[in-house]
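One-letter residues, chain by chain:
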4 protein chains.
Amino acid sequence: MIVVLKNNVDKKQVDSLIGWLKEEGVDTHLSIGKYQTILGLVGDTSNVDEDLLNGLDIVESVKRISEPFKNANRKFHPDDTVIEVAGRKIGGGNFQIIAGPCSVESEEQIIEVAKAVKASGAGFLRGGAFKPRTSPYAFQGLGIDGLKLLEEAKKETGMPIVTEIMDAAHLPYFENVDIIQVGARNTQNFELLKELGKIRKPILLKRGIAGTIQELLMSAEYIMAGGNEQVILCERGIRTYETYTRNTLDLSAVPVIKELSHLPVIVDPSHATGIAKMVRPMSLAATAAGADGLMIEVHNNPQKALCDGPQSITPAAFDELSKEIRTIHKVISNNP
Amino acid sequence: MIVVLKNNVDKKQVDSLIGWLKEEGVDTHLSIGKYQTILGLVGDTSNVDEDLLNGLDIVESVKRISEPFKNANRKFHPDDTVIEVAGRKIGGGNFQIIAGPCSVESEEQIIEVAKAVKASGAGFLRGGAFKPRTSPYAFQGLGIDGLKLLEEAKKETGMPIVTEIMDAAHLPYFENVDIIQVGARNTQNFELLKELGKIRKPILLKRGIAGTIQELLMSAEYIMAGGNEQVILCERGIRTYETYTRNTLDLSAVPVIKELSHLPVIVDPSHATGIAKMVRPMSLAATAAGADGLMIEVHNNPQKALCDGPQSITPAAFDELSKEIRTIHKVISNNP
Amino acid sequence: MIVVLKNNVDKKQVDSLIGWLKEEGVDTHLSIGKYQTILGLVGDTSNVDEDLLNGLDIVESVKRISEPFKNANRKFHPDDTVIEVAGRKIGGGNFQIIAGPCSVESEEQIIEVAKAVKASGAGFLRGGAFKPRTSPYAFQGLGIDGLKLLEEAKKETGMPIVTEIMDAAHLPYFENVDIIQVGARNTQNFELLKELGKIRKPILLKRGIAGTIQELLMSAEYIMAGGNEQVILCERGIRTYETYTRNTLDLSAVPVIKELSHLPVIVDPSHATGIAKMVRPMSLAATAAGADGLMIEVHNNPQKALCDGPQSITPAAFDELSKEIRTIHKVISNNP
Amino acid sequence: MIVVLKNNVDKKQVDSLIGWLKEEGVDTHLSIGKYQTILGLVGDTSNVDEDLLNGLDIVESVKRISEPFKNANRKFHPDDTVIEVAGRKIGGGNFQIIAGPCSVESEEQIIEVAKAVKASGAGFLRGGAFKPRTSPYAFQGLGIDGLKLLEEAKKETGMPIVTEIMDAAHLPYFENVDIIQVGARNTQNFELLKELGKIRKPILLKRGIAGTIQELLMSAEYIMAGGNEQVILCERGIRTYETYTRNTLDLSAVPVIKELSHLPVIVDPSHATGIAKMVRPMSLAATAAGADGLMIEVHNNPQKALCDGPQSITPAAFDELSKEIRTIHKVISNNP
């Protein structure tokens, strides 16, 4: 962290700042120049409050050089985190596909899709029970009934299940859920993140609607600071000015996150583009970019899906795609 | 709403769609062209699920022409909504300034600031008790203790108080809060919005970090659909690529919202820019743009503020600014 | 400028870098920390090539602390630049309105508008002769004939004229133009900027479609580095994800630019919003934010304008608005 | 194209609009609803001026349904365009790698790199002679001398060359250049595009800094409207709020463009990310997404590159990468 001091600052104030930082466990180096005086903070600065420094009378600006996250930081944990659920590993070279419908609609639907995607090689079943919808008038998901149907599908197929939580108050209903998903609109719902830090279950944390990579890692840090170290990050597209796709899938985020963090990172090409036709090319691209897994919407009847039909692919298309993904992943893995 | 049909669609399917829409209470007009067939939906379409239509086999694309919000829509409620709290009115030509520190820090601080801003003409006292912070290691606010200090300041000065809620589970503590604020990271926390729809207290709803104007109005719609019609909208800057200011204050949103909706809209120049020096010009600009009020951070000692010090102004600066704001507002009001 | 060095760099390489920087006239201060070694560059670094430093083997990252522009920098020229054309001053407290149609269409039209806006207090006449249009099939402006009609209007009314250049090859035709405008699509047309640096005529430089404030100032620097110091900057809205307005008018840019630079800055509310109804509130807001002038589209028959009709206001509306702008400017000027 | 009319419009005016559109060769269908009257334009509307319609008194809004581009539109030219230069094909399943340094620096450098990338399978040599740099103080390229050095390398190796043009006035110097590149800052330099429409040489057109896919296709349309049909489109990252990478590479643009247009599309992962380490994963991802080629910066000594060193890879790294790209492309091609 670099603290740029104002011109003509009082030496006493600078000394007092240096002393205070020393107490906080941070060493400093002072560079006095003709135009600018700079204070370099060279220890572990993840606990230093940037806003506090910025607010000081003698400070002109503060620039971070090291990252403000710690538990999620690869510098302090060089080895890849591998998360294991029901014998399925994600991260550290292990690749998983999570597949299923946007929304759970009926027992028949979810079991049919579960069987199909399992047969095609998916490791996890996804399905929305609590649905965050922009409009209060749109279908909001089956809620607790939806969770029960997912559990049915799990019993029937043996597939571990992934589904989204929207409120910490719903946590008791998620006991049989294998991976709890935090959606893009709740990435910075800090009260929810704190509660998820208290449990010991993998969390699938999506990047915010217009979230930075750093914010995603800071949100992971919230969960990890609570003691829950099982966080899977998910790139799902970011908001830009481009309107042909619903969001702009930022695949560079995959190698960037892998460099900054040891946590596994997967990609959701369905929500990112919002177009079924784009799911194949973006799934293959995400795999080639080095993702640890994919989350793909599959519906046995996309035309009748109660939400996000346009972005779902059929079980038959998923079966084809699944093979191509495996082939690409093999090519990548042989040349790490 | 316009539904563009695919080429060579089956006439039966089109008839079945028209029939279904009729049942939903929506009239249609069919235009069959050489290249495209278009179905115009010309009634109240706010309940029509755009995603559902998009998912149909025969549909190429769907374009909304009327807005998907209803309770918040000026078309159905031409008159300005005026919200009144403790004798203070916002909206319909009534202008209010909400002022106070970013965070409540101590009894002395909050009471001192409250007295100062009251004397300078602020109508409401603001102060953060629950603080949404990007880092789990940053100061998170005094929580319930902070709420109690705000109530103290209210007793002392008679000023109604405005403070942020981060979780519906905290609602019982907000009984003595006059206006409950929903922050930019919770604008699409739909579970929270639903709970706020059940109470009968004004809600100050901030635009999301990278939220569209329509999303802001849809979030207001969530609250209003629950029966709580007292929503104040707040422009607080949006995320763009520009880095000189923390956010880009979108003042065009003020006249746009005023055209689309009857709800009052205020502006927060402090969070928008993140720079104390920018608070004056942006406050005056917001007033000139036709805002119904301002929310300004004032701290008796910005240099020592526990959060967001750099964007707070002093009580003395606020006193000056308050007068200028009134003058500009008077000029605008005389030429509506 | 801060150069963060890689861990375990060779001392000899560091000394060689320090030596090279000294030759370039830049002093350095070295801070060796446990995790990071930092080199502070504390002289005038506007000539230092950031990319070159970034490319060095021993460098991890480079962070600028001082601005990379010099001629446009207020630090080196504390006093406001005042540009004077035909007795009309812009900058340093002097406010001007530039008004006229988007496109010059006919002699009758341009003279009628010129007379009207002059009578309402506009200082300059604008009108497009060369029009940058997204589509090759849209009206491209009258070109050289348009310039001649503008000259006619100038003769008739005595108003100095402002019009856009799209190619340095057209410069000979601009001899009688008083202020040459560079449009948002050419803000980084560096070959054009270099040519404009060679002439001695005020340049009205618009911010790029999605240009940063710093890029705008660097483009001004291109012109000024050539010896032409008469640059007027223009905020005209930036591209964001919001679609209600054509662009998002970034009024914070006004006070930011005024702090960073001594050049005058004006605002174009017509192109920014693309909506006639928004011109009034955004003009007043821009004035309240401290702009040195406005550029407003006025058309005697907006319904029949060959381009950008929707954003033009009538002469009558301009007359009303002009008075309000003056009133707001007076309020602001009395409280600088 | 859909024209939404204002409420209570005069029937005569509507008839007059319908008549005028008929003259322009566009059929209309009128839908009169309770709340809205809609005019559907169902012929070829690429010549209809949207702004003109928007400006009419009776029009509330205009929404395009078909694309405003024609020559570049796959609807009118279903087959892939294949561009052939010196026996090398791009498009229609043919994949090419364009490689070379950001800037031409010396004869030795450019010939060494040319030989190396040729040996590794690159089909084209790239190298910048005219360099668009944000700062007037940064290295601006060798200009005409740089073009001569490229021609030397072409003679020596037989590789066709690709280099950027910044001003139509420089065209005479580009006679021996095989593919002329238009950079991201000139994508909407319409005067330049018009001139390039007059020649008969392939143009490599980069997407603008914050350009939409539609704007890219409209800029291609400018060139094609002039009669030059050989346009290669290039995704090179767009500007977003994310700062870890220089731009956000929008790989979804590849399948989107392939659906909308018949023109070949390649990807530049070097400029997009600005980080050498990201070139490999993003090259593989782009290939997997279906790109027709890649443009990769290779420098024999990235540490000493006069510009953009940080994003260049070494010839050895390129050799490895080239093989992986071919493997991925083979996987994709077998499953079209």
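Residues numbered from 1 in each chain as written. Chains lettered and ligands numbered in written order. Predicted model: local features only at pLDDT ≥ 70, side-chain atom pairs only at ≥ 80, totals over all residues. Heavy atoms only, no water.

1. A short note on the overall build of chain A
Now for step 1: What chain A contains, in helices and strands, is ten helices and 14 strands.
Now for step 2: For chain A, the spread of C-alpha atoms along the three principal axes comes to 75 × 45 × 40 Å.
Now for step 3: Here chain A holds 336 residues, and the buried ones make up 65% of them.
Now for step 4: When the accessible area of chain A is evaluated, it comes to approximately 11,400 Å², of which 48% is carbon and sulfur surface. (Helix = DSSP H or I, 4+ residues; strand = E, 2+ residues; numbered from the N terminus. Buried < 20%, exposed > 50% of the residue type's maximum accessible area, 1.4 Å probe, protein only. Areas by Shrake-Rupley, 256 points an atom, 1.4 Å probe, with all protein chains shown as cover.)

2. Description of the relation of the copies chain B and chain D
Now for step 1: When chain B is fitted to chain D, the residual RMSD is 0.1 Å, and the transformation amounts to a turn of 180° plus an axial shift of 0.1 Å. Here the transformation between the copies is reduced to the relation of a two-fold axis. Among all residues of chain B, the minimum C-alpha distance to the rotation axis is found for Tyr241(B), at 2.0 Å.
Now for step 2: Taken together, the interface assignments show that 91% of the residues at the interface of chain B recur at the interface of chain D, consistent with an identical surface on both copies. (Least-squares fit on C-alpha atoms with pLDDT ≥ 70 in both. Contact = heavy atoms within 4.5 Å.)

3. Notes on unusual backbone geometry
Now for step 1: Although it is not a glycine, Ala86(B) sits at a positive phi angle of roughly 45°.
Now for step 2: Within the secondary structure, Ala86(B) is located in the loop between β5 (83-85) and β6 (88-90).

4. What to know about the pairing of strand β1 (residues 2-5) of chain C
All names here are of chain C.
Now for step 1: Burial along β1 is two-sided: the face carrying Ile2 and Val4 and the face carrying Val3 and Leu5 are both buried.
Now for step 2: As paired strands, β1 and strand β4 (residues 59-63) are joined by four bridges and run antiparallel to one another. Bridged to Leu5 within β4 is Val59.
Now for step 3: Across four bridges, β1 lies against strand β3 (residues 37-41) in antiparallel orientation. The partner of Ile2 across the bridge, within β3, is Gly40. (Pairing = 2+ DSSP bridges.)

5. Points about the relation of the copies chain B and chain A
Now for step 1: Once turned by 180° and shifted 0.0 Å along the axis, chain B lies on chain A with an RMSD of 0.0 Å.
Now for step 2: The overlap is high: 100% of the interface residues of chain B also sit at the interface in chain A, so the same surface is used on both sides.

6. Quick word on the packing of helix α6 (residues 213-225) of chain B against helix α7 (residues 253-260) of chain B
Residues and elements named next belong to chain B.
Now for step 1: Where α6 contacts α7, the axes come no closer than 11 Å and their chain directions differ by 45°. By the angle between their directions, the pair α6 and α7 is classed as oblique. Pair α6 / α7 crosses with right-handed handedness. On α7, the residues touching Ile213, Leu216 and Leu217 of α6 are Ala253, Val256, Ile257 and Leu260.
Now for step 2: Here the contact of α6 with α7 is composed, by residue class, of seven nonpolar, no polar and no charged. (Axes fitted to C-alpha atoms, helices over the stretch in contact; angles between N-to-C directions. Parallel < 35°, antiparallel > 145°, perpendicular 65-115°, else oblique. Left-handed = near helix turned anticlockwise from the far one by under 90°. Nonpolar A, V, L, I, M, F, W, Y, C, P; charged D, E, K, R; others polar.)

7. Quick word on the sheet that holds strand β2 (residues 28-32) of chain C
All names here are of chain C.
Now for step 1: With antiparallel pairing, the four strands of this open sheet are ordered in space as β2-β3-β1-β4. Pairing within the sheet leaves two strands with one partner each, and these edge strands are β2 and β4. The average undirected angle you get between the axes of adjacent strands in this sheet is 20°.
Now for step 2: Sitting on the sheet, helix α1 (residues 11-23) touches β1, β2 and β3, and the angle it makes with β3 is about 10°.

8. Points about the pattern of salt bridges
All names here are of chain A.
Now for step 1: What the rule picks out here adds up to 68 salt bridges over all chains.
Now for step 2: We note a salt bridge from Asp319 to Lys323, for which the minimum N-O separation is 3.4 Å. Note that Asp319 and Lys323 are positioned in helix α10 (residues 315-334) at a spacing of four residues, about one turn of the helix.
Now for step 3: A residue is classified by how much of its surface remains accessible, and Lys323, at 48% relative accessible area, is partly exposed. (Salt bridge = Lys/Arg side-chain N within 4 Å of Asp/Glu carboxyl O.)

9. A word on the sheet that holds strand β1 (residues 2-5) of chain B
All names here are of chain B.
Now for step 1: Spatially, β2-β3-β1-β4 is the arrangement adopted by the four strands of the open sheet, whose pairing is antiparallel. The sheet is open, and its two borders are formed by β2 (28-32) and β4 (59-63), each paired with just one other strand. Between one strand axis and the next, the sheet turns through 20° on average, direction left out of account.
Now for step 2: Contacting β1, β2 and β3 (37-41), helix α1 (residues 11-23) runs over the sheet at an angle of about 10° to β3.

10. Some thoughts on the pairing of strand β10 (residues 179-182) of chain D
For a regular strand, the rule is simple: side chains alternate between the two faces of the sheet.
Residues and elements named next belong to chain D.
Now for step 1: Where burial is concerned, the two faces of β10 agree: the one with Ile179 and Gln181 and the one with Ile180 and Val182 are both buried.
Now for step 2: Sheet topology places strand β9 (residues 161-165) next to β10; four bridges connect them, and they run parallel. Residue pairing for β10: Glu164 is matched across the bridge by Gln181.
Now for step 3: Note that β10 and strand β11 (residues 203-206) share three bridges and pair parallel. Its bridge partner lying in β11, Val182 is registered against Leu205.
Now for step 4: Each parallel crossover has a hand, and for β10 linked through helix α5 (residues 190-198) to β11 it is right-handed. (Right-handed = clockwise from strand over helix to strand, strands pointing away.)

11. A closer look at a negative patch on the surface
Residues and elements named next belong to chain A.
Now for step 1: Taken together, the side chains of Glu107, Glu108, Glu112 and Glu156 define an acidic patch exposed on the protein surface.
Now for step 2: The leading source of residues in the negative patch is helix α3 (residues 107-119), at three residues.
Now for step 3: With respect to the element layout, Glu112 can be found in helix α3. (Patch = residues over 30% accessible without salt bridge, like charges linked within 9 Å, V, L, I, M, F, W, Y side chains within 5 Å. Lys, Arg positive; Asp, Glu negative; His and termini not counted. Charge placed at Lys NZ, Arg CZ, Asp CG, Glu CD.)

12. Concerning the environment of His299(C)
All names here are of chain C.
Now for step 1: Structurally, the position occupied by His299 is in the loop between β14 (293-297) and α10 (315-334).
Now for step 2: On a C-alpha basis, the gap between His299 and Cys102 in space is 7.8 Å, while along the polypeptide they are 197 residues apart.
Now for step 3: Within the local environment of His299, its side chain forms a polar contact with the side chain of Asn300, the two groups lying 3.3 Å apart.
Now for step 4: Among the polar contacts listed, one links the side chain of His299 to the backbone nitrogen of Asn301, at a separation of 2.8 Å. (Polar contact = N/O pair within 3.5 Å; in protein donor to acceptor, adjacent residues only side chain to side chain.)

13. Some words on the confidence of the model for chain A
Now for step 1: Of all residues in chain A, 96% have pLDDT values of 70 or greater, and the mean over the chain is 91.
Now for step 2: Across the predicted assembly, pTM comes out at 0.92 and ipTM at 0.90. (pLDDT = per-residue confidence, 0-100.)

14. Examining the packing of aromatic side chains
Now for step 1: Counted by the stated rule, this structure contains eight aromatic pairs over all chains.
Now for step 2: Residues Phe130(B) and Phe174(B) carry aromatic rings whose centres are separated by 6.1 Å and whose planes lie at 25° to one another, so their mutual orientation is stacked. Of this pair, Phe130(B) sits in the loop between β8 (124-126) and α4 (144-157) while Phe174(B) sits in the loop between β9 (161-165) and β10 (179-182), and the two are 44 residues apart along the sequence.
Now for step 3: Given the relative accessible area of 1%, Phe174(B) is considered buried.
Now for step 4: Ring plane angle 20° and centroid distance 4.7 Å describe the contact between Phe190(B) and Tyr222(B), whose orientation is recorded as stacked. Here Tyr222(B) lies in helix α6 and Phe190(B) lies in helix α5 (residues 190-198), a separation of 32 residues in the sequence. In this pair, the class of Phe190(B) matches that of Tyr222(B), namely buried.
Now for step 5: Against the face of Tyr241(C) rests Arg239(A), its NZ or CZ located 5.4 Å from the ring centre. (Phe/Tyr/Trp six-rings, centres within 6.5 Å; stacked < 30°, edge-to-face > 60°. Lys NZ or Arg CZ within 6 Å of the ring centre and 35° of its normal.)

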